[in-house]
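Secondary and tertiary structure notes
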Amino acid sequence: MNDAENRHEPDSLTAVSETAVLQRLFPRLPAADGALVGPGDDAAVLAAPDGRYVVTTDMMIHGPDFRLAWSSPFELGWKAAATNLSDVAAMGAAPTALVVAIAAPGDTEVTTLEGIADGLREACLALAPGCGVVGGDLSVSSTMTIAVTAFGDLGGRRPVLRSGARPGDVVAHAGALGEAAAGLALLFADAVDADGEPDAGRAAAVRIRHPRIIEAQLRPRPPIAAGTLAADAGATAMLDVSDGLAFDAARIARASGVGIDLDAHALGIDVERALGGGEDHGLLATFPPDAELPAAFRVIGCVTAGAGTLFVNGVEHTPVGWDPYAGWDGVAG
C-alpha cells in the first residue's frame with residue numbers, strides 16, 4: 001500500500017449521509033433534564049412544570065457574526081449556546097433546552113460539526129447545568145449558519161420585561177462590560193493580513209498575548225444564574241446586553257417610558273467602550289431602590305423621568321452600539 005492509499009481523507013458533509021453525521025453528533029450533545037422525549041423523533045417533548053415557556057431564537061452567520069479564521073468550532077458552539085442562554089436568563093427564567101439548526105458548505109468536515117457540538121455541550125454544563133440539546137436540523141449552504149432556539153422555565157416567577165422600570169429604580173449590571181468589544185477591536189487590528197482579511201495565524205498570536213480579552217469575545221461567559229436571582233430580588237425590568245450598554249439601556253427606557261441615567265464613574269476606565277461595546281451578554285436590570293441586589297449585580301445608574309431618553313451623568317446621550325444591518329463590512333474571513 002503506497003502513502004496515497006494509506007492517507008485518510010477527512011469526511012465532509014457531502015461525502016457522508018445526514019444520518020451518519022447525526023449518529024456522530026448526538027453522543028456529543030448534552031441531554032436536557034426536562035426532556036421527556038429527546039432527539040430521534042419528529043419533535044422533542046419537554047416537561048413544563050410552570051405551565052409556561054420562555055422561548056427565544058438567534059442566528060450566527062459566517063461574516064456578520066463570526067469569522068472562521070478567528071473562531072474554533074468549539075468556540076462557535078459555545079457562543080451559540082451562551083448568546084441564547086443569556087436571553088432566557090434576561091426574562092428571569094432558567095434555561096431548560098436548546099434546539100440547534102446548522103447549515104454549512106458541503107466541503108465542511110464532519111469534525112467541524114463535532115467541535116460545535118462539543119462547544120454546545122460544555123457551555124450548557126458550565127453556564128446552565130441541566131439544559132441540553134433536544135433536537136435540530138442539518139443542511140448544506142454556501143454560508144455557515146448556526147440557528148439556536150432556547151427554552152426556559154420561569155419556575156412560578158413573573159417574566160421580567162423591558163417595560164417595567166419606574167422612576168426611582170436603580171440600574172444595575174451583572175457580568176463583563178466592554179471586554180468583548182476590546183477583544184473584537186484587537187482581532188480587527190492585529191488578526192488581519194495586509195489586505196484586511198481575517199488571518200488565522202495572526203489571530204493565534206493575538207490569543208497568546210491577550211487570552212482573557214479574546215476569550216471574552218469568542219467564548220463569553222454571561223452570568224446566566226443571575227437572571228433568576230434578579231427576578232427573585234424584584235427586578236422591574238431586564239435585558240441581555242448584546243448590542244452595547246447604551247443601545248440596550250435606551251431600549252429599556254423606551255419600553256418603560258422613562259429615562260435611564262448611567263453613572264460614567266461606574267463604567268470602568270474606558271467609558272466609551274463600556275457604553276458602545278456589545279457581545280458581553282451581561283444582564284442589565286432595574287430594581288426598586290430598597291431591593292437587596294444579588295451579589296452579581298452592581299449599581300451603574302438610576303431610572304428617572306425622561307420618556308425614553310438615555311442620559312450619562314445627567315446629560316442626554318445618543319445611544320451607540322452594534323447594528324447588524326449597518327455594522328458589517330462585507331468581509332467573511
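Residues numbered from 1 in each chain as written. Predicted model: local features only at pLDDT ≥ 70, side-chain atom pairs only at ≥ 80, totals over all residues. Heavy atoms only, no water.

**A look at the overall build of the protein**
Across its full length, the protein carries ten helices and 13 strands. When burial is assessed residue by residue, the protein has 47% of its 333 residues classed as buried. Of the contacts made within the protein by residues no fewer than 6 positions apart, 87% connect residues no fewer than 24 positions apart. Of the roughly 14,800 Å² that the protein leaves accessible, carbon and sulfur atoms contribute 53%. (Helix = DSSP H or I, 4+ residues; strand = E, 2+ residues; numbered from the N terminus. Buried < 20%, exposed > 50% of the residue type's maximum accessible area, 1.4 Å probe, protein only. Contact = heavy atoms within 4.5 Å. Areas by Shrake-Rupley, 256 points an atom, 1.4 Å probe, with all protein chains shown as cover.)

**Overview of the confidence of the model for the protein**
Confidence in the prediction for the protein averages 92 pLDDT; 94% of positions are at 70 or higher. Every residue in residues 1-7 is under pLDDT 50, and counting partners more than four places away or in other chains gives one contact. (pLDDT = per-residue confidence, 0-100.)

**What to know about unusual backbone geometry**
Of all residues except glycine, most have a negative phi; of all peptide bonds, most are trans. A positive phi angle, near 75 degrees, is found at Glu-279, a position not held by glycine. We classify Glu-279 as partly exposed; its relative accessible area is 21%. The phi dihedral of Asn-313 is positive, around 50 degrees, even though this residue is not glycine. Turning to its location among the elements, Asn-313 is positioned in the loop between strand 12 (310-312) and strand 13 (315-316). Taking the relative accessible area as the measure of exposure, Asn-313 reaches 42% and is therefore partly exposed.

**Quick notes on the packing of helix 6 (residues 200-209) against helix 7 (residues 211-218)**
Look at helix 6 against helix 7: their axes get within 5 Å of each other, and the N-to-C directions meet at 120 degrees. Between helix 6 and helix 7, the interaxial angle falls into the category oblique. The residues of helix 7 that touch helix 6, namely those facing Val-206, Arg-207, Ile-208 and Arg-209, are Pro-211, Ile-214 and Leu-218. (Axes fitted to C-alpha atoms, helices over the stretch in contact; angles between N-to-C directions. Parallel < 35°, antiparallel > 145°, perpendicular 65-115°, else oblique.)

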